[in-house]
Amino acid sequence: MIIRSRKKSDIPSSEITPEPAYIDRRRFLGTSAGIGAAAFLAPGAAAAAPPSGRQDEKLNTWEEITTHNNFYEFGLDKKDPSRNAHALVTKPWTVKVDGLCNKPGDYRLEDFIHPSTIEDRVYRFRCVEAWSMVIPWRGFPLADVINRAEPDPGANYVSFETLWDPEQMPERRWRPVIGWPYREGLRLDEALHPLSLLVTGLYGKTLPNQNGAPLRLIVPWKYGFKSIKSVVRMTFTAEEPPTTWATQSPREYGFYSNVNPDVRHPRWSQATEKRIDGGKLFGYRRIDTVFMNGYADEVAHLYEGMDLKKYF
Ligand code: MTE
C-alpha cells in the first residue's frame, strides 16, 4: 500500500489494519480555531491535549458506520439501507464520463480505478442532520479521474449521478417524490482538491452497499449529502449543475453546503453535532461543530471573497 504525501487533515494510515487494530489505536483529529491539523498517536503514546479543546475523536465502529446510513433509494429510516441495499447489484459496474471533456466514455469500474493508487484516509463525516462520525475510508483522489478525462477549458463544474434502478431500489414504493436519480455536483476546483476522494472501501474492506458501493464520493469539508453514493456518471459542465437536495428545497440546502456552525439550517442550528459514539447505536456525545469540518486550513482559500451566508 502506497500512502501519498501527508496532508494536515489526514490521519495517516501507516498500514492497513483490521478493525480491532484500528479501534485500539488512539487518534486525534486536533483542531486549532477551526483549522484542521491531525496527529497520530501510536498505541500507548501519551495523549497531548487537542489544541482547541475539541474532544478525542476516535474512529467509529464498522457496525456504526454500516448500520446508521442515509441512502434514500433504499428507504428513509437509518437502518433501511443496511436492511435493503443487498439488492444492489454492483458487478459489473460502468461509469459514464461525458460533457465538456476530451476523453468521454463508458468505463468499466476496474479500468476507471486501476491507474490510481489506493489510499486509506481517516476523515470526519458531518451530516446536515447534525450527526457525525469519524471514518477510515479507502479510495483515491477524485482529481485522478478528472485529469484523465481532460476537461475542456470551458468546464467549470462536475456533476455526479447515482444509479437509479427501480427494480433494485425499493424507495419507489415508499416515497417517489425525489426526482431520481440522486444528483450532486462540485465546482471543478473543489473537485480537484486533494481532499476530495472517490471511495471504494472502508476499514480496509470493500465498501458495503449501504455506504454507496461500489464507488462513492467523499468531500469531508461539506455536509454529507454532497458525498453521493453508487456513482454511475460524471459530467463536466460550464454552468452549476442542478443537484438533488438544492433542487428539492433550495431554502434549506445550498449547492456549496460547506460545514458552517454559523449558518443555521432553517429548521435547526448547525452549531453543534451528535457524534455517534459509545459502541451502542444511537449513543452519542454532543460536540461543537467546526468551520469546514476542521479542514478550513486546506480549503478555505477556495471560497475567498465569497459571502458564505449567501453561498451556503
Ligand atoms: N447518495 C445517494 N445516492 N442517496 C442518498 O440518499 N444520502 C446522502 C449521502 N449520499 C444519499 C447519498 C446523505 S444525506 C448522507 S449524510 C450520506 O450519503 C450518508 O453516508 P453514509 O450512509 O455512508 O453515512
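Shown above is the structure to which this text applies.
Here goes a summary of the coordinates provided.

The rules behind each value
- Residues numbered from 1 in each chain as written.
- Predicted model: local features only at pLDDT ≥ 70, side-chain atom pairs only at ≥ 80, totals over all residues.
- Heavy atoms only, no water.
- Helix = DSSP H or I, 4+ residues; strand = E, 2+ residues; numbered from the N terminus.
- Contact = heavy atoms within 4.5 Å.
- Phe/Tyr/Trp six-rings, centres within 6.5 Å; stacked < 30°, edge-to-face > 60°.
- Lys NZ or Arg CZ within 6 Å of the ring centre and 35° of its normal.
- Buried < 20%, exposed > 50% of the residue type's maximum accessible area, 1.4 Å probe, protein only.
- Arc of directions from axis to C-beta.
- Near = heavy atom within 4 Å.
- Polar contact = N/O pair within 3.5 Å; in protein donor to acceptor, adjacent residues only side chain to side chain.
- Areas by Shrake-Rupley, 256 points an atom, 1.4 Å probe, with all protein chains shown as cover.
- Nonpolar A, V, L, I, M, F, W, Y, C, P; charged D, E, K, R; others polar.
- Core = buried A, V, L, I, M, F, W, Y, C linked by side-chain atoms within 4.5 Å.
- Pairing = 2+ DSSP bridges.
- Axes fitted to C-alpha atoms, helices over the stretch in contact; angles between N-to-C directions.
- Salt bridge = Lys/Arg side-chain N within 4 Å of Asp/Glu carboxyl O.

Let's talk about the overall build of the protein chain
Step number 1: Scanning the protein chain for helices and strands turns up nine helices and 17 strands.
Step number 2: Sequence separation of 24 or more characterises 71% of the internal contacts of the protein chain that already satisfy a separation of 6 or more.

Side note on the packing of aromatic side chains
Step number 1: Taken as a whole, this structure holds 14 aromatic pairs when the rule is applied.
Step number 2: Both rings, one in Phe 255 and one in Tyr 256, keep their centres 5.4 Å apart while their planes meet at 90 degrees; by these two values the pair is edge-to-face.
Step number 3: Relative to Tyr 311, the ring of Tyr 256 lies with its centre 6.2 Å away and its plane at 85 degrees, an arrangement referred to as edge-to-face. Highlighted residues: Tyr 256 in the loop between α8 (244–248) and β16 (272–276) and Tyr 311 in the segment after α9 (296–299), separated in sequence by 55 residues.
Step number 4: A cation over a ring is seen here: Lys 226 above Phe 255, with NZ or CZ 4.1 Å from the ring centre.
Step number 5: Across from the ring centre of Tyr 284, 5.0 Å away, lies the NZ or CZ of Lys 274, which sits over that ring.

Some points on helix α5 (residues 142–149)
Step number 1: The set of residues buried in α5 consists of Leu 142, Ala 143, Val 145, Ile 146 and Ala 149. For α5, the angular spread of the buried residues around the axis is 165 degrees, confining them to a single face.
Step number 2: Downstream of α5 by one or two residues, Glu 150 has phi in the positive range, about 55 degrees.

Some words on the site of the ligand
Step number 1: Taken together, 17 residues lie near the ligand, and Asn 69, Tyr 72, Glu 73, Arg 216 and Lys 229 sit nearest.
Step number 2: For the ligand, a nitrogen atom lies 2.8 Å from a polar atom in the side chain of Glu 73.
Step number 3: Asn 211 places a polar side-chain atom, nitrogen or oxygen, 3.0 Å from an oxygen atom of the ligand.
Step number 4: For the ligand, whose unbound accessible area comes to 540 Å², protein coverage reaches 97%.
Step number 5: In terms of residue class, the shell around the ligand is made up of eight nonpolar, six polar and three charged.

Brief notes about the side chain of Thr 244
Step number 1: With respect to the helices, strands and loops of the structure, Thr 244 is situated in helix α8.
Step number 2: In terms of polar contacts, Thr 244 uses its side chain to reach the backbone amide nitrogen of Arg 183, at 2.6 Å.
Step number 3: When near neighbours in sequence (up to four residues on either side) are disregarded, Thr 244 contacts Ile 178, Pro 181, Tyr 182 and Arg 183.

Here we look at the nonpolar core
Step number 1: Trp 137, Leu 142, Val 158, Phe 160, Trp 221, Met 234 and Phe 236 are the most contacted members of the largest nonpolar core, which totals 74 residues.
Step number 2: No other element matches the six residues that strand β9 (residues 131–141) contributes to this core.
Step number 3: Apart from residues no more than four positions distant in its own chain, Phe 160 is found in contact with Leu 142, Tyr 182, Arg 183, Glu 184, Gly 185, Leu 186, Leu 217, Ile 228, Val 231, Arg 233 and Met 234.

Thoughts on the sheet that holds strand β7 (residues 105–108)
Step number 1: Read from one edge of the open sheet, five strands run β7-β6-β15-β10-β11, paired in mixed fashion. With one partner strand each, in any of the chains shown, β7 and β11 (183–187) form the two edges of the open sheet. Neighbour-to-neighbour, the strand axes of this sheet turn through a mean angle of 20 degrees, independent of strand direction.
Step number 2: Sheet analysis places strand β10 (residues 157–162) next to strand β15 (residues 231–237), joined by six bridges and oriented antiparallel. Each bridged residue has a counterpart across the sheet, and for Tyr 157 the counterpart in β15 is Thr 237.

Thoughts on the pattern of salt bridges
Step number 1: For the coordinates displayed, the defined rule picks out 20 salt bridges.
Step number 2: Each of Glu 57, Arg 124, Arg 126, Glu 273 and Arg 275 takes part in a single network of salt bridges with overlapping partners.

Some words on the pairing of β15
Step number 1: Most of β15 sits inside the fold, with six of its seven residues counted as buried.
Step number 2: The pairing of strand β6 (residues 94–99) with β15 spans four bridges and is parallel. Looking across to β15, one finds that Lys 96 is bridged to Arg 233.

Here we look at the pairing of β10
Step number 1: The element β10 is extensively covered by neighbouring structure, given that six of its six residues are classed as buried.
Step number 2: Pairing between β10 and β11: five bridges, direction antiparallel. Directly across from Glu 161, in β11, lies its bridge partner Arg 183.

Topic: the side chain of Glu 161
Step number 1: Mapped onto the elements, Glu 161 comes out in strand β10.
Step number 2: For Glu 161, a relative accessible area of 17% gives the class buried.
Step number 3: Setting aside residues no more than four positions away along its own chain, Glu 161 makes contact with Pro 181, Tyr 182, Arg 183, Ile 228, Ser 230, Val 231, Val 232 and Arg 233.

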